[in-house]
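# Notes for the structure review
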Amino acid sequence: MHRYLARRLVLVVPTLIGLSMVVFALVRLLPGDAVTMLMQDYAYAKDADEMRSKLGLDRPIAVQYVEWMGGVLRGDLGTSLRSKTHVSDELFKRMPVTAELGVLGLIVGLLISIPVGVISAVRQDKAVDYVARSMAIAFLSIPGFWLGTLVVTLPSVWWQWTPPLRYTQLIDDPLRNMTQMILPALILGIGLSGGVMRLTRAQMLEVLRQDYVLTAAAKGLAEWSTVWRHALKNAFIPVLTLLGLQVAILVSGTVVLESIFVLPGMGRYLLEAVQYRDYPVIQGLNLLFAVVIVLTNLLVDLCYGWLDPRVRYG
Amino acid sequence: MARATLAPPSRTGILARPELEAPLRRPAPRGGLLWLGRFVRRKPLGAIGGTIVIVLLFVAALAPLLAPYEYDVGAGIDRLQGPTISHPFGTDANGRDMLSRIIWGARVSITVGFGAVGMSVLLAMAVGVLSAYFGGWADLLLQRIVDVWISFPAVVLLVSLVAVIGPGLWSVTFALGVLLAPGTSRVIRGSVIGMRNLPYMEAARCLGAGHARMIVRHVIPNVFAPVIVLATVQLGTAILAESTLSFLGYGVPPPFPAWGAMLSGTGRAFMLQSPWLSIWPGLAISAAVFGFNMLGDALRDELDPRLRGR
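Each chain carries its own residue numbering, running from 1 in the direction its sequence is written. Each chain gets a letter, beginning with A, and each ligand a number, beginning with 1, in the order they are written. Reporting in this predicted model follows two pLDDT cut-offs: at least 70 for local features of residues, and 80 or more for side-chain atom pairs to be given and counted; totals over whole chains, interfaces and linings ignore these cut-offs and use all residues.

### Points about the overall build of chain A
Segments assigned H or I by DSSP are reported as helices when at least four residues long, segments assigned E as strands when at least two residues long, and all are numbered from the N terminus. When helices and strands are counted, chain A shows 13 helices and zero strands. Starting at the N terminus, the α and β elements of chain A follow one another as α-α-α-α-α-α-α-α-α-α-α-α-α. We call a residue exposed when 12 or fewer other C-beta atoms sit within 10 Å of its C-beta, buried when the count reaches 20 or more, and partly exposed for counts in between; the C-beta positions come from the backbone. Buried residues in chain A amount to 37% of all 314 residues. Across chain A, the fraction of contacts at a sequence separation of at least 24, relative to all contacts at a separation of at least 6, is 71%. Throughout, a pair of residues is in contact if the C-beta atoms placed from their backbones lie within 7 Å.

Here is the structure:
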């Protein structure tokens, strides 16, 4: 386990460094006259040269990178061009909204996909299975932004009801916050559940054919105990890997849904920043999202050890 | 006394083995038409998906002939009409015929989808084949780059990329291709690693084939099956991503009628008055993606024997 852990941790370092380089390069790849363009958009400096030195763009690119990374490691992501506030302060304020939406979406997704996937495998080729499989593909195909748009529009046409569009914080009024979060979380979860459902079913089909399941059934264990305790735990490892990869989809989903449901999270911040070409903000958000995804995948790999002793001792 | 039967008693519940109880299948008939007939019979859902895909391609190719009106010209007097005989899908806030816009939108989605997937496959082939065929340091290095690439959330990367390179049909296609490539390259790498030490590869190497010949004649033809399957599913993903991007305002710019864009902007402001505006584009996207997913699933079952019946 220690070797496995160490190996996994060492591999994260180059990934994180590579990530920071890509994020850094993203902004430097701007079309040539970005400085002039920024000058028009913001009264940030008197002329292009002053602008360059203020942004630090007049120094060698390696120096710029090291300096930026130094700031990042101290928690300083730079200053927003538009609002002149610290990017990290703003992110800190907005992170709870996106995190809440993401976690709720994940919970909804798992609550739908795991039971349906397991039942679909246990009743393979029965009517339930066909319904579940078609549902899974439908969930993969329906765009979340369309569901979101319908949820915001149709109820107000039919029943003169709209989801609350003024954000309330979770600690201020949990109930109000939940009524606001539950619809986007449902849509996010539905989008997530299709892929997870399909993989759960495929893995369960594999595991249910193993000898130890036959043994468990033969010694007279109840079906639910065989399925949920013996089979599911073994089927869950690839599902966990998929969940790690799905975090990226979850993040993309929050960007879209925050903009539809007017939630002041990081996703909407990104859209605003892109709209106003607020590059320090774009840079900071990209880095943060990517780091979250890398760390989630690390966490997933560490969970293998807990689920599968072979990984721990291997 | 009852005669003992040879067949085992049929098992139910978690011990059910449908594959053991099904009658043995006849070997696959040769020939395109026969294969197609068998595909339709064995994979009805896949056939439905295939039909949707064919209709979509047909509509995209013949949009100028099929669309009853032009997609960017509307009559102010006809604005926000409900479904009528002359405008079966109604009209939008500018009086433009929704049916014609949906038909032209198919062309936008298909162009971007095929362009992006084509790019992704080419890029992924290069990375995946090189990484797996040569292994060692090349593999380690390339895979770390892929790790980085995979770690970016799709919408975030897309929106940022399009913001940097500027909106347009080709920049959206490019951004999507770049986004889809790493996943594809992992699949290609996996199947190349699986075949690296198979007898026919060894035989070719013993006969003195160089790296270039090995890759072109032996490796690439053998990854085609997984690539076709993956590309089909990715076409769905690409169309979905394109519409999301258009919805957020970073997709193919007007006057192109992108399905996603019809659900935002001016369309959105009038949805309370005329809800059908929000129905058709969403249905079109869902149907297109559903078709590609269903077809891809069925193709995978047919082309990849290991996954048959899952």
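### Things to note about the overall build of chain B
When its secondary structure is counted, chain B shows 13 helices and zero strands. Classification of the 310 residues of chain B by burial places 43% in the buried group.

### Here we look at the interface of chain A and chain B
The interface of chain A with chain B comprises 48 residues on the first partner and 38 residues on the second. Per-element tally for the side of chain A that touches chain B: the top contributor is helix H10 (residues 223-260) of chain A, with nine residues. Any residue outside Ala, Val, Leu, Ile, Met, Phe, Trp, Tyr, Cys, Pro, Asp, Glu, Lys and Arg is labelled polar, Gly included; the first ten of those are nonpolar and the last four are charged. By residue class, the composition of the side of chain A that touches chain B is 35 nonpolar, eleven polar and two charged.

### Quick word on helix H9 (residues 211-218) of chain A
Residue and element names in this part refer to chain A. Those residues of H9 not exposed but buried are Val213, Ala216 and Ala217. The buried residues of H9 occupy an angular sector of 95° when the element is viewed end-on, so they sit on one face. Residues of H9 that are exposed and point over 90 degrees away from its buried face: Asp211, Tyr212, Thr215 and Ala218. Each element contacted by the buried residues of H9 is listed here: helix H8 (174-208) and H10. What the arc measures is the spread of directions leading from the helix axis to the C-beta atoms.

### Let's talk about the packing of helix H6 (residues 127-141) of chain A against helix H13 (residues 276-303) of chain B
For helices, the axis comes from a line fit to the C-alpha atoms of the stretch in contact; other axes are also lines fit to C-alpha atoms, and the angle between any two N-to-C directions lies between 0 and 180 degrees. Put simply, H6 of chain A and H13 of chain B touch, their axes get as near as 8 Å, and they point 130° apart. Judged on the interaxial angle alone, H13 of chain B and H6 of chain A are oblique. As for how H6 of chain A packs across H13 of chain B, the hand of that crossing is right-handed. On H13 of chain B, the residues touching Ile137, Ala138, Leu140 and Ser141 of chain A of H6 of chain A are Ser286, Val289, Phe290, Asn293 and Met294 of chain B. Grouping the constituent residues of the contact of H6 of chain A with H13 of chain B by class yields six nonpolar, three polar and no charged. Orientation labels follow simple angle bins: below 35 degrees gives roughly parallel, above 145 gives roughly antiparallel, 65 to 115 gives roughly perpendicular, and whatever is left gives oblique. Note: crossing handedness is left-handed where the near helix turns anticlockwise from the far helix by less than a right angle, and right-handed where it turns clockwise.

### So, the confidence of the model for chain B
Residues and elements named next belong to chain B. In this model, chain B carries an average pLDDT of 76, and 76% of its residues clear a pLDDT of 70 or more. Within chain B, the lowest mean pLDDT, 63, falls on helix H12 (residues 265-269), and the highest, 86, falls on helix H5 (residues 98-134). Quick note on the complex model: pTM equals 0.79, ipTM equals 0.76. Each residue gets a pLDDT score, which is the predictor's confidence in that residue and runs from 0 to 100.

### Overview of the packing of helix H5 (residues 87-122) of chain A against H8 of chain A
Residue and element names in this part refer to chain A. Between H5 and H8, the shortest axis-to-axis distance is 5 Å and the interhelical angle comes to 35°. In this structure, H5 crosses over H8, and the sense of that crossing is right-handed. When its residues are assigned to classes, the contact of H5 with H8 shows 20 nonpolar, eight polar and two charged.

### Some words on helix H10 (residues 211-248) of chain B
Residues and elements named next belong to chain B. With 38 residues, H10 should cover 56 Å at 1.5 Å per step; its first-to-last C-alpha distance of 46 Å lies more than 12% under that length. Bend is the name given here to the angle between axes fitted to two runs of seven residues, the run ending at a residue and the run starting at it. Bending of H10 peaks at approximately 40° at the position of Phe224, with proline Pro226 no more than four residues after it. Phi turns positive one or two residues past the end of H10, at Gly249, with a value near 95°. Helices are assigned an expected span. That span is 1.5 Å times one less than the residue count.

### Some details on the confidence of the model for chain A
On average, chain A scores 79 in pLDDT, and the residues at 70 or more come to 85%. Ranking the elements of chain A by mean pLDDT puts helix H2 (residues 34-41) of chain A last, at 62, and H5 of chain A first, at 87.

### Describing unusual backbone geometry
Peptide bonds are mostly trans, and most non-glycine residues show a negative phi. Not every positive phi belongs to a glycine, and Val262 of chain A is a case in point at roughly 50°. With respect to the helices and strands, Val262 of chain A occurs in the loop between H10 and helix H11 (266-275).

### Observations concerning the environment of Ala121 of chain A
Residue and element names in this part refer to chain A. Within the secondary structure, Ala121 sits in helix H5. When the 25 C-beta atoms within 10 Å are taken as the criterion, Ala121 is described as buried. The sequence separation of Ala121 and Ala202 amounts to 81 residues, and the corresponding C-alpha distance is 7.2 Å. Look past the residues within four positions of Ala121 in its chain and what remains in contact with it is Arg201, Met204, Leu205 and Leu208.

### So, the environment of Ser191 of chain B
Residue and element names in this part refer to chain B. One can find Ser191 in helix H8 (residues 169-195). Note on Ser191: 20 C-beta atoms within 10 Å, which makes it buried. Separated by 59 residues in the primary sequence, Ser191 and Ala132 place their C-alpha atoms 8.6 Å from one another.

### As for the nonpolar core
Remark: nonpolar core denotes a set of buried Ala, Val, Leu, Ile, Met, Phe, Trp, Tyr and Cys residues whose joining runs through C-beta atoms within 7 Å. Counting 151 residues, the largest nonpolar core has Leu270 of chain A together with Leu158 and Val159 of chain B as the members making the most contacts within it. Those residues in contact with Val159 of chain B, other than ones at most four positions away along the chain, are Leu270, Leu271 and Val274 of chain A together with Leu248 and Tyr250 of chain B.

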